[in-house]
2 protein chains.
Amino acid sequence: MNKKKVSLKDIAEKAQVSTALVSYVLNGKEKESRVGHEIAVKIKQIAKELNYQPNYLAKSLRSGKTQTIGLIIADISNPFFANIARIVEDEAKKNGYTVIIGSSDEKAEKSWDLITVFLNRQVDGFIIVSSENSEEQIQYLIEKNVAFVLLDRHFPTIPTHFVSLNSYKAAFDAGVHLIQGGYKNIGLIAYKSNLFHMQERIRGYRESLAENGIVFHPAWLKEVGFDTIDEEIKIGIDEMLASAFPVDALIFATYRLAVTGLKYINALGLKVPDDLAIVSFGQAEVFDLYYCPITYVLQPMEELGKTAVEILIHQLKEPHAEKRQILMEAQLMARDSSRSKAAIS
Amino acid sequence: MNKKKVSLKDIAEKAQVSTALVSYVLNGKEKESRVGHEIAVKIKQIAKELNYQPNYLAKSLRSGKTQTIGLIIADISNPFFANIARIVEDEAKKNGYTVIIGSSDEKAEKSWDLITVFLNRQVDGFIIVSSENSEEQIQYLIEKNVAFVLLDRHFPTIPTHFVSLNSYKAAFDAGVHLIQGGYKNIGLIAYKSNLFHMQERIRGYRESLAENGIVFHPAWLKEVGFDTIDEEIKIGIDEMLASAFPVDALIFATYRLAVTGLKYINALGLKVPDDLAIVSFGQAEVFDLYYCPITYVLQPMEELGKTAVEILIHQLKEPHAEKRQILMEAQLMARDSSRSKAAIS
């Protein structure tokens with residue numbers, strides 16, 4: 001380990017090339033400077049041997065770039081976001097960016113903290129999974145001309161780059177799938193949230209009933225609070241089962257809702273799908289390993305994550321590029337938990 | 001939204017107090033300066049109204065502190081680490097720190113990148129879940145007098161602060177539990193890794209057999225590579241079942257190994273625990289919702305995460321404090337997947 005800070009000059013001397021050439025190569029600009037592949041490899045090798053540590057702050061002052069992306073996710077303990085984070089990191093790395101991550105726990109206040117911290121750490125741009133009531137933060141970023149793209153959730157009233165899921169269509173498809181399987185009394189457990197994607201899931205579900213001539217009963221829809229999910233899901237399922245029109249199928253609007261709900265359904269001794277058919281958003285190993293594999297809405301995670309990185313990097317190069325707003329389609333993965341009533345009896 | 005940057009002076013004027021007082025309050029030093037509670041609340045309120053953004057970099061240049069912790073985890077898509085990250089964040093926040101997270105994907109090179117990026121972003125200190133072959137990085141941090149604590153994994157030959165699990169004891173207990181349940185041919189699926197905690201799990205497993213007079217057969221131990229886990233687990237399980245001493249019980253050394261293994265066990269149509277008893281490290285909702293709840297090694301996650309934050313913060317205040325090296329005990333949570341042979345037949 002070298003005690004003295006290794007400079008570009010040190011590397012240049014050892015490689016017997018100019019300092020400018022070393023700078024080009026280590027800043028990933030070998031193509032522009034038409035450096036031969038062999039010499040580029042040699043320079044990188046020497047930099048590694050000497051344990052060269054670029055001075056990002058100094059570099060940043062010169063170039064205005066730090067090659068760092070700030071990723072703010074809504075909840076790191078949710079496997080959907082943890083997996084998305086992994087995809088974003090892989091894709092960013094391929095493009096020479098390092099990702100630093102913060103988790104907002106679905107709280108606007110914490111998301112605000114993270115944005116401030118990351119801005120002060122001079123990230124080049126953000127990929128953000130927004131929490132509820134964080135519109136002000138997004139406006140702030142726009143005002144400050146910060147490059148960013150919203151992922152998985154967006155605000156229809158604020159013109160931003162975004163890539164998210166067509167939640168309306170996905171929920172609609174889930175409802176239609178159950179109806180086609182012979183289920184009539186279909187419930188939905190969602191979050192109590194004014195986030196657009198959650199409202200769209202509720203709208204899609206209700207529309208699937210309406211279009212198929214099924215009268216919706218209020219007991220079939222339960223919106224639970226983030227912080228009271230355990231108790232509220234129990235109450236919701238109890239009410240759905242005890243209502244004048246007891247549900248025979250249930251849609252969960254997220255992974256966390258499904259896992260919590262399934263634990264309670266197990267505790268009640270209900271058999272899936274015989275007593276209750278299940279379809280869920282989100283995806284996780286739990287759905288595969290459950291005794292009755294769970295039908296789920298397959299979200300194109302890989303595509304979502306990669307596209308977010310791509311949009312952000314493009315934006316960094318062309319700050320005034322047209323807004324890219326992408327809604328991706330989900331795919332319903334029908335499995336045993338929602339097999340048709342005819343197939344059960 | 002204020003376009004002009006709000007200064008401490010602006011807040012002081014509005015609150016009709018001195019700038020020094022505002023500085024004290026917003027830097028969390030009201031106790032030291034004996035500011036009244038009411039005026040402190042008022043100052044914070046005004047700061048919020050004016051959308052005051054502290055200049056961390058300037059602040060950092062003066063105080064040398066950024067109130068930021070860099071957390072490097074080994075794999076963000078593993079729920080164990082994602083949950084630990086959540087705990088670290090909550091605990092750090094309580095202490096006035098913001099956490100920025102990076103995931104090394106179990107790769108020393110990526111962990112090196114993250115350390116460099118975080119150092120250049122001037123984190124106050126690190127909490128690190130080390131990847132294999134990252135000893136050099138740890139030595140580097142020691143040499144540079146950077147505050148850090150290792151979490152979940154440590155290097156016995158490098159004197160650092162750490163908090164991790166007594167992996168030897170946990171694996172030993174898992175083996176003894178199965179032996180007491182009447183199982184004789186017990187396999188272990190672990191990672192091929194020279195990381196100490198992994199070696200300790202193997203040693204604990206082997207010692208549980210030896211102490212109980214069971215002769216170990218090489219086919220019972222399969223060490224799989226991180227990047228070839230799917231194929232290697234299948235081969236390992238096939239070999240264990242086809243060996244001259246086919247296994248009747250299996251220990252998985254991590255969550256990811258268990259989930260991958262259980263998928264294959266399901267595909268083979270084997271019943272747990274009738275055909276094969278299971279005990280696993282790690283913890284996850286999957287273990288609760290599996291048709292036969294999985295016996296697992298309960299790691300004190302909450303304690304691990306909180307203690308790591310506590311050690312780091314203490315270290316930031318007293319850089320030359322004695323090294324704290326904590327091995328926590330796991331607790332075996334016996335459930336259906338390893339119920340005694342007598343109870344099965």
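Located above this text is the structure these notes cover.
This is a predicted model, so every value here is computed, not measured.

S.K.: Before we go on, may I ask you to explain the sheet that holds strand β9 (residues 277-280) of chain B in this structure?
M.R.: Whether parallel or antiparallel, the strands of a sheet pair through hydrogen bonds between backbone atoms. Residue and element names in this part refer to chain B. Overall, mixed pairing links the 6 strands, which are arranged β7-β6-β8-β9-β10-β12 in an open sheet. On the outer flanks of this sheet lie β7 (221-224) and β12 (331-333), each paired with one strand and no other. Pairs of neighbouring strands in the sheet enclose a mean axial angle of 20 degrees, with direction left out of account. Bridge count for β9 against strand β10 (residues 295-298) is 2 bridges, and the pairing is parallel. Looking across to β10, one finds that Ser280 is bridged to Tyr296. In the packing of helix α12 (residues 255-267) onto the sheet, the strands contacted are β6 (186-191), β7, β8 (249-252) and β9, and the crossing angle to β8 comes to about 145 degrees.

S.K.: How should the packing of aromatic side chains be read in this particular structure?
M.R.: Aromatic ring pairs are described here by two measures, namely the spacing of the ring centres and the angle between the planes. Evaluated as defined, the whole model comprises 18 aromatic pairs over all chains. Geometrically, the ring pair formed by Tyr191 of chain A and Phe226 of chain A is tilted, given 4.2 Å between the ring centres and 40 degrees between the ring planes. With Tyr191 of chain A in strand β6 (residues 186-191) and Phe226 of chain A in the loop between β7 (221-224) and α11 (229-242), the pair connects residues that are 35 residues apart, well separated along the chain. We classify Tyr191 of chain A as buried; its relative accessible area is 7%. Consider the rings of Phe80 of chain B and Phe81 of chain B, whose centres lie 5.3 Å apart with planes at 70 degrees: the pair is edge-to-face. Each member of the pair, Phe80 of chain B together with Phe81 of chain B, is buried. Taken together through their ring pairs, the aromatic side chains of Tyr255, Phe287 and Tyr296 of chain A make up a single cluster. Taking the ring centre of Tyr168 of chain A as reference, the NZ or CZ of Arg203 of chain A above it sits at 4.0 Å. Between the NZ or CZ atom of Arg206 of chain B and the centre of the ring of Phe216 of chain B, over which it lies, the distance is 3.9 Å.

S.K.: What is the right way to read the nonpolar core from this model?
M.R.: Inside soluble globular proteins, nonpolar side chains tend to come together where they are buried. Among the nonpolar cores identified, the biggest contains 98 residues, and Ile265 of chain A together with Ile265 of chain B are the most heavily contacted of them. The contact partners of Ile265 of chain A, leaving out residues within four places of it in the chain, are Ile237, Leu250, Phe252, Leu270, Val272, Leu276 and Ile278 of chain A. Membership of the second largest hydrophobic core comes to 62 residues, among which are Ala92 and Leu312 of chain A together with Ile101 and Leu304 of chain B.

S.K.: Mind showing me how you'd approach the packing of helix α9 (residues 167-180) of chain A against helix α10 (residues 196-211) of chain A here?
M.R.: What describes two packed helices is the angle between their axes and the distance between those same axes. Residues and elements named next belong to chain A. The N-to-C vectors of α9 and α10 enclose an angle of 35 degrees; their axes lie 7 Å apart at closest approach. Two packed elements cross with a definite hand, and for α9 against α10 that hand is right-handed. For the pair α9 and α10, the contacting residues are Ser167, Tyr168, Ala171, Phe172, Gly175, Val176 and Ile179 in the first and His197, Glu200, Arg201, Arg203, Gly204, Tyr205, Glu207, Ser208, Leu209 and Glu211 in the second. Its residues assigned to classes, the contact of α9 with α10 shows 7 nonpolar, 5 polar and 5 charged.

S.K.: What should I look at first to understand unusual backbone geometry in this one?
M.R.: Peptide bonds are mostly trans, and most non-glycine residues show a negative phi. In the segment running from Val272 of chain A into Pro273 of chain A, the intervening peptide bond is cis, with an omega of 0 degrees. Unusually for a residue other than glycine, Asp105 of chain B sits at a positive phi of about 55 degrees. Inspection of the secondary structure assignment puts Asp105 of chain B in the loop between β2 (98-103) and α7 (108-120). Residue classification places Asp105 of chain B among the buried residues on the basis of a relative accessible area of 8%.

S.K.: How do you make sense of the environment of Ile294 of chain A when you look at a structure like this?
M.R.: Residues and elements named next belong to chain A. Checked against the element boundaries, Ile294 lands in the loop between α13 (285-289) and β10 (295-298). Put simply, Ile294 and Val272 are 22 residues apart on the chain and 9.0 Å apart in space, counted from C-alpha to C-alpha. The contact partners of Ile294, leaving out residues within four places of it in the chain, are Leu262, Ile278, Ser280, Phe287, Arg335 and Ser337.

S.K.: Any chance you could explain the sheet that holds β7 of chain A here in plain terms?
M.R.: All names here are of chain A. Taken in spatial order, the 6 strands line up as β7-β6-β8-β9-β10-β12 in an open sheet, and their pairing is mixed. Sheet topology places β7 and β12 (331-333) at the edges, where each strand pairs with a single neighbour. Each strand of the sheet is rotated relative to its neighbour by a mean of 20 degrees, with strand direction disregarded. Direction of pairing for β10 relative to β12: antiparallel, over a ladder of 3 bridges. Residue pairing across strands places Tyr296 opposite Met333, the latter belonging to β12. Contacts between α11 and the sheet are confined to β6, β7 and β8 (249-252), with β7 contributing the most and set at about 170 degrees to the helix. Most of the contacts of helix α12 (residues 255-267) go to β8, to which it runs at about 145 degrees, and overall it touches β6, β7, β8 and β9 (277-280).

The rules behind each value
Residues numbered from 1 in each chain as written. Chains lettered and ligands numbered in written order. Predicted model: local features only at pLDDT ≥ 70, side-chain atom pairs only at ≥ 80, totals over all residues. Heavy atoms only, no water. Pairing = 2+ DSSP bridges. Helix = DSSP H or I, 4+ residues; strand = E, 2+ residues; numbered from the N terminus. Axes fitted to C-alpha atoms, helices over the stretch in contact; angles between N-to-C directions. Contact = heavy atoms within 4.5 Å. Phe/Tyr/Trp six-rings, centres within 6.5 Å; stacked < 30°, edge-to-face > 60°. Buried < 20%, exposed > 50% of the residue type's maximum accessible area, 1.4 Å probe, protein only. Lys NZ or Arg CZ within 6 Å of the ring centre and 35° of its normal. Core = buried A, V, L, I, M, F, W, Y, C linked by side-chain atoms within 4.5 Å. Left-handed = near helix turned anticlockwise from the far one by under 90°. Nonpolar A, V, L, I, M, F, W, Y, C, P; charged D, E, K, R; others polar.

Function-wise, these values are silent; they only describe arrangement.
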